[in-house]
Each structure stands twice: as structure tokens, then as C-alpha cells.
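# What the coordinates show
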Amino acid sequence: QVQLVESGGGLVQPGGSLRLSCAASGFTFSNYVMSWYRQVPGKERELVAAITSTGDSRNYADSVKGRFTISRDNAKNMVYLQMNSLKPEDTAVYYCKVRVTVHYWGQGTQVTVSS
């Protein structure tokens, strides 16, 4: 079955960096768009970044453009989110997502940006 497992979250000071990872299994990873979303309590889950199956095209939420970079390694079935210049408003639970007929989500990883 499809499984997505995120890791790499934590507590970081404003201006700092984190790299999130998502390990995927149960489907042909190299065939699918992969996405990162985030959610804060009381708000809807929002798209942060997405990358095409080959990695040749990416898109980002306006709020993270120039600071976050999504990438993937199809040989390892991994997708990453490099987050730089972090701000307190980036605090959220970050989720990896794939749509394989239906949407599959990981369990999420908490990112807290605070001094």
C-alpha cells in the first residue's frame, strides 16, 4: 500500500534552515507529482510546493518563493523540502502528499520557528 513518511521537522530560530524528507513506498514513485503541504490549527491545509515526476518543473506558494526548494530523488523514492530563512509564520505541521487515484498523506512533521 502507499506509504509516505516525513521526517526532519523540529524547532529552529527565525532565519534558520531545516530540510524535510519524505520517504515514499507502495507505488511507482517516478511516475507521480509529489507535493508538500502545511497546516496550522484552525486553518485549512495549504500547498507549499510541488514537483513534477521528472523534477523538471516546480511550483511554490507565494509565501515561500525564494526561501524553500522542493527536490526529489527518484532512485531513492524520496522527496525533500529545503527551507531557508524561516519565519515564525512558517510554523506548521508539514505533510507530504501524492495523488495515486486518490490522495495519500503522510503523518506530518512539526516545524516550529521561534526564538
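The structure we're discussing is the one just above.
In this report, we go over the structure that sits alongside the text.

Reading the values: rules and limits
- Counting of residues starts from 1 at the beginning of each chain's written sequence and follows it residue by residue.
- It should be noted that, the model being predicted, local features are given only for residues of pLDDT at least 70 and side-chain atom pairs only at 80 or more, the latter also being counted only at that level, while totals for whole chains, interfaces and linings use all residues.
- Side-chain measures here rest on the full set of heavy atoms in the structure, leaving out hydrogens and waters.
- Each helix is a run of H or I in the DSSP string that is no shorter than four residues. Each strand is a run of E no shorter than two, and both are numbered from the N terminus.
- As a reference, a globule follows 2.2 Å times the number of residues to the power 0.38, and the radius of gyration itself is taken over C-alpha atoms.
- A 1.4 Å probe rolled over the protein chains alone gives each residue an accessible area, and that area as a share of the maximum for its type sets the label: buried under 20%, exposed over 50%, partly exposed in between.
- Whether two residues are in contact is decided by their heavy atoms: any pair within 4.5 Å suffices.
- Pairs of cysteine sulfur atoms within 2.5 Å are identified as disulfides in what follows.
- Only the six-membered ring of Trp is used, alongside the rings of Phe and Tyr, when aromatic pairs are assigned; centres must lie within 6.5 Å, and planes under 30 degrees apart are stacked while those over 60 apart are edge-to-face, with the rest tilted.
- When the NZ atom of lysine or the CZ atom of arginine is within 6 Å of a ring's centre and also within 35 degrees of its normal, the charge is said to sit over that ring.

Here the focus is the overall build of the protein chain. A count of helices and strands for the protein chain gives zero helices and eleven strands. Each helix and strand of the protein chain, placed in order from N terminus to C terminus, yields the pattern β-β-β-β-β-β-β-β-β-β-β. Taking 115 residues into account, the globule formula puts the C-alpha radius of gyration at 13 Å, and the protein chain, at 13 Å, falls close to it. For the protein chain, the residues scored as buried account for 42% of the 115 residues in total. Here the analysis covers contacts within the protein chain between residues at least 6 apart in sequence; of these, 51% occur between residues at least 24 apart.

Examined against the element boundaries, Gly 16 turns out to sit in the loop between β2 (10–12) and β3 (18–25). Separated by 84 residues in sequence, Gly 16 and Val 100 have C-alpha atoms that sit 34 Å apart. Non-local contacts of Gly 16, meaning those with residues more than four positions away in its chain, are made with Met 83, Asn 84, Ser 85 and Leu 86.

What follows concerns the state of the cysteines. Evaluated as defined, the whole model comprises one disulfide. The disulfide partner of Cys 22 is Cys 96, and the gap between their sulfur atoms is 2.2 Å. As the torsion about the S-S bond is roughly -80°, the Cys 22-Cys 96 disulfide counts as left-handed. Separated by 74 residues along the polypeptide, Cys 22 in strand β3 and Cys 96 in strand β9 (residues 92–100) bring together distant segments of the chain. The two residues Cys 22 and Cys 96 agree in class, both being buried.

Before going further, it helps to examine unusual backbone geometry. Peptide bonds are trans in most cases, and residues, glycine excluded, mostly fall at negative phi. In this structure, Asn 77 takes a positive phi of about 55° despite not being glycine. Looking at where Asn 77 falls in the secondary structure, it is placed in the loop between β7 (68–73) and β8 (78–83). Asn 77 gets classed as partly exposed once you look at its relative accessible area, which sits at 24%.

Quick look at the packing of aromatic side chains now. Counted under the stated rule, the structure contains four aromatic pairs. With a centroid separation of 4.9 Å and an interplanar angle of 75°, the aromatic rings of Tyr 37 and Trp 105 are classed as edge-to-face. In this pair, Tyr 37 is assigned in strand β4 (residues 34–39) and Trp 105 in strand β10 (residues 102–105), connecting sequence segments 68 residues apart. Here Trp 105 falls in the partly exposed class, since its relative accessible area comes to 35%. Among the aromatic residues, those joined into a ring-pair cluster are Phe 27, Phe 29 and Tyr 32. Over the ring of Tyr 95 we find Arg 45, and its NZ or CZ is 3.7 Å from the ring centre.

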